Amino acid sequence: MKLAYPNAQSLPLGVVVRRTPGVTRWAKFAWTVSSVLPGAAAADWKVMRTEGDVTEFHAATLPLTLYVSDTEAYAHELQARVPSVYVVLRQNEQTDDLPWAVALVTASPYEAQDYCDSAEELVEKIPMPEGLHSWIASFVDTYYEEEAFVKRRRDKTRVDRVDDGIGDARIRQASDVYRAPRRKEVSS
């Protein structure tokens, strides 16, 4: 079942993953996302470049979908010092050669933060290419409506004028709540 979201826009985004030799005896390789390729064709761990022990793969191409409901998050990301996109990698238990599978690409820092809450996924922050930045900025300019801040006002009722010592009116109590408790006599 595929849901259609009004005014959502999508762009294929290729994910480049770099494999380098591990620095400890427990990890044979270190895997990091090195870049993204806007408008890339479909790929499945295609080797792009090999230099010595370092290999870069075009791991996958997933749609980067922008939703009108998330424009506040996109606007927040565009104002960052280094605007970025986020790539979520999930462990691939089907093969030992490629331990990660690309699960998601997003431009929303809020969505990426949700994936960071669990230790099951690896979230990589990648600087946004200039063309992708322009596309997202255009989307935000078109659909973002900043909500005006409305300060909440307190009720005018003054509850501090009467101090009858009885406490919460919802609790039935006939005596003063500040009195010392009665002593219980212990029979021996």
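As shown above, the structure is provided for reference.
Described below are features of the structure shown in this document. Just so it is clear, the structure is predicted and the values come from calculations on it, not from any experiment. (Residues numbered from 1 in each chain as written. Predicted model: local features only at pLDDT ≥ 70, side-chain atom pairs only at ≥ 80, totals over all residues. Heavy atoms only, no water.)

**Focus: the environment of Ser35**
With respect to the helices and strands, Ser35 occurs in strand S2 (residues 29-38). Using a relative accessible area of 26% as the deciding quantity, one classes Ser35 as partly exposed. Each C-alpha atom, one on Ser35 and one on Pro129, is 8.8 Å from the other, the two residues being 94 residues apart in sequence. Residue contacts for Ser35: discarding those within four places in its chain leaves Gly14, Val15, Val16 and Ile126. (Helix = DSSP H or I, 4+ residues; strand = E, 2+ residues; numbered from the N terminus. Buried < 20%, exposed > 50% of the residue type's maximum accessible area, 1.4 Å probe, protein only. Contact = heavy atoms within 4.5 Å.)

**Notes on the packing of aromatic side chains**
Considering all chains together, one arrives at 7 aromatic pairs under this definition. Ring geometry for Phe29 versus Trp31: centroids 6.3 Å apart, planes at 70°, classification edge-to-face. Judged by relative accessible area, Phe29 falls into the partly exposed class, the value being 31%. By relative accessible area, Trp31 is classed as buried at 10%. (Phe/Tyr/Trp six-rings, centres within 6.5 Å; stacked < 30°, edge-to-face > 60°.)

**Details of the pattern of salt bridges**
Going through the model one piece at a time under the given rule, you end up with 3 salt bridges. In this structure, Glu56 and Arg18 form a salt bridge, with 2.5 Å as the shortest nitrogen-oxygen distance. Of the two residues, Glu56 is situated in strand S4 (residues 54-66) and Arg18 in strand S1 (residues 9-21); the sequence distance between them amounts to 38 residues. On the accessibility criterion, Glu56 (7% relative accessible area) is buried. Look at Arg18 and you get partly exposed, because its relative accessible area is 31%. (Salt bridge = Lys/Arg side-chain N within 4 Å of Asp/Glu carboxyl O.)

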